[in-house]
Amino acid sequence: MAQKTLKVDSVAEAYLALLADRGIDYLFGNAGTDFATIIEALSKAQLGESNAPIPVTVPHENVAVSMAHGYFLATGRMQAVMLHVSVGTANGVCGVFNATRERIPILFSAGRTPINEDGADGARSIYIHWAQEMFDQAGMVRELVKWDYELRNARQLESIVDRALSIARTAPSAPVYLTLPREVLAENPGEITFQSPSRAAPAATPGPNADAVVEAAGMLAKAKNPLVIVSSYGQRPDDVPAFADFTEKFALPVVCYRPRYMMLALDHPMHMGFEPGGLLPDADVILTLEADVPWIPSLHQVNPDAKVIQVGIDPLFSRYPTRGFPCDLAIAGDPAVTIAALADAMGGLKSDTQAMDARRKRAADAQAKAAEGRRAVIERCATGGPMQPTWVAHCLGQVMGDDDILVSESQLPVPFLGARKPGTFFGTGPAAGLGWGPGAALGLQLGARDRRVFSVAGDGSYMFGNPTPAHFVSASMELPVCTLILNNRMWGSVRKATLGMHPDGAAARMNRSPLTAIEPTPNYEMIVQASGGYGEKVENAEDLPAALERALKAVDVEKRQAVLNIMTAYDDAQALADAKR
Ligand SMILES: Cc1ncc(C[n+]2csc(CCOP(=O)(O)OP(=O)(O)O)c2C)c(N)n1
Ligand SMILES: [Mg+2]
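The sections below set out a description of the structure shown in this document. (Residues numbered from 1 in each chain as written. Chains lettered and ligands numbered in written order. Predicted model: local features only at pLDDT ≥ 70, side-chain atom pairs only at ≥ 80, totals over all residues. Heavy atoms only, no water.)

1. Here we look at the coordination of the magnesium ion (ligand 2)
Around the magnesium ion (ligand 2), the protein supplies D459 (OD), N488 (OD1) and M490 (O) as donor atoms, at distances of 2.1 Å. Read in sequence order, the donor residues for the magnesium ion (ligand 2) give the motif D-x28-N-x1-M. In this pair, D459 is assigned in helix α14 (residues 459–464) and M490 in the loop between β17 (482–487) and α16 (492–501), connecting sequence segments 31 residues apart. As far as burial versus exposure is concerned, D459 and M490 are alike and both buried. (Donors = N, O, S within 2.8 Å, 3.2 Å for Na, K, Ca; no water. Helix = DSSP H or I, 4+ residues; strand = E, 2+ residues; numbered from the N terminus. Buried < 20%, exposed > 50% of the residue type's maximum accessible area, 1.4 Å probe, protein only.)

Laid out in structure tokens, this is it:
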């Protein structure tokens, strides 16, 4: 088997060379005193004297983790993040939470305070080295990662790194956590020998159980009113066409519920929109596809006799403490393989063609009605300010090219964007740890430099996203993301939740309830200017198309980032109606 031997000055240098050998392109770093030997080794790499991933200086940990998340979405390639001991880890936990719930592999790592109080290379040299030590640093993230370990010595380096990477990449994939004590990083093994290429393959993803597929196919073929509810499918864009064919061929109505990706084109003949509420009472067989929450039990009435089939890599979402959706049949395994197997099995069964025709007609009617409704809304909101998010989505849809990417950490109404191709939409994950969007957009742009990336954020989400660090990285790494802020001067979702529970209460009688209003609103367009970007405030609907053109000129021609701070409306009645659907 092929081996490599490298002369190295430190374990840090060996570690970085090994990561580069294993296909880690970038190390998203937020450094501290624990990084001394890492920085020394990265410096050697920049002088051409060793190998290492490309370091990216990210001045907030949550942005760093979100960048690794976004880069994976663009490329399918797992990346590394390294943070400063316990305190840096604490700042990165929210990003890890988002990544783990969306099954994104990341080598999440941090230094460890020196163990020795003196007498060893790398031993404690600053007062913080005492207080920063924890009894169990990994305890902070253990619930969220699939595996964690602290590197003990140079001899175990290859085995531990490969184990971390292969476990993270094995489905259901997730972040892993590796801590790197300063003394261990500083050890000088002289040279290191490792297998190259790696001999630590991740496990191949299991396929579905054949009997379960036959049973599910029988249930779906017999159904009069089947319903497919899908939430997190299409992370791999290539999975989408076969799903589209499957649902079209067997006339299976599909609801894309809280979509994380582009899972089915808006103009697909069986696309039934984004809310399952209206269809659940009559559904007789419900197939949930990577849908952690296929409906809300307290809001939606579900036909009590409906059979429910849950399909996914981990269809019971075993890392969720509570999840009681009915499940008559669960099929674990690669969901794309399960869809293909279901299509095969159903192809051999007799289908009720009359029922299928009726479903096709219902879907076509519903689509025509929805499209008509959207046209009417767009006409109504084309002038004046503050403007409706629907108008922003519509205008954005008009300027987006087919391959442009959109990251949305906002209430942007997706249907108003128009039809999008697979791999072009990325929505907030189910844990909704705010602050993901700006970093994810940067990571996507880094992984897809030839494509335009739009990032749409609520005003609250934009601030959670650490705009100063994010705009700094955009400038330093030449990642000209175009950001649209839906600025309703409020944590609107929090107000909506308050009024949902207390519709006639005190908060409902106030326009600006406590802990929800973000006023006076900052001039967000000025933050990006501090990093050399283009910034503009947009107050009226009729000004948005031209403002978008100016922003895109900055991005496309001047190759610099842009932010449009768009004043949007918030309406209690509308918010409450939305919340009840
Ligand atoms: C890290 C984190 N903190 C707090 C929340 C709770 N939260 C959910 S939505 C929301 C407000 C978001 O505001 P904004 O981005 O302006 O969107 P809007 O609701 O106004 O459309 C908050 C604070 C969260 N999801 N994540
Ligand atoms: Mg807001």
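2. Points about the packing of aromatic side chains
Applying the stated criterion across every chain, the model contains 11 aromatic pairs. Ring geometry for W295 and F325: centres 5.4 Å apart, planes at 85 degrees, overall edge-to-face. A residue pair is termed long-range when its members are at least 10 positions apart, and W295 in the loop between β11 (285–289) and β12 (307–312) and F325 in the loop between β12 and β13 (329–332) qualify at 30 residues. Taken individually, W295 and F325 each receive the classification buried, so the pair is uniform in this respect. Through pairs of rings, three or more aromatic residues link up here, namely Y26, F28 and Y71. Sitting above the plane of the W130 ring, R124 keeps its charged end 5.1 Å from the centroid. (Phe/Tyr/Trp six-rings, centres within 6.5 Å; stacked < 30°, edge-to-face > 60°. Lys NZ or Arg CZ within 6 Å of the ring centre and 35° of its normal.)

3. Re the pattern of salt bridges
Scanning the entire structure with this criterion turns up 30 salt bridges. D136 is the salt-bridge partner of R142, the closest N and O atoms lying 2.9 Å from each other. Across the pair R258 and E275 runs a salt bridge, and its minimum N-O distance is 3.3 Å. Separated by 17 residues along the polypeptide, R258 in the loop between β10 (254–256) and β11 and E275 in the loop between β10 and β11 bring together distant segments of the chain. The exposure class of E275 is buried, given its relative accessible area of 19%. (Salt bridge = Lys/Arg side-chain N within 4 Å of Asp/Glu carboxyl O.)

4. Structural notes on the pairing of strand β4 (residues 79–83)
Two faces belong to every sheet, and in a regular strand the side chains alternate between them. Within β4, 5 of the 5 residues are buried, which leaves it mostly tucked inside the rest of the structure. Here β4 shows no split at all, with Q79, V81 and L83 on one side and A80 and M82 on the other all buried. Pairing geometry for strand β2 (residues 26–29) and β4, over 3 bridges, is parallel. Directly across from G29, in β4, lies its bridge partner M82. Alignment of β4 against strand β5 (residues 106–112), held across 5 bridges, turns out to be parallel. Across the sheet, residue L83 finds its bridge partner in β5, namely A110. For the handedness criterion, the β-α-β arrangement of β4, helix α4 (residues 85–101) and β5 is classed as right-handed. (Pairing = 2+ DSSP bridges. Right-handed = clockwise from strand over helix to strand, strands pointing away.)

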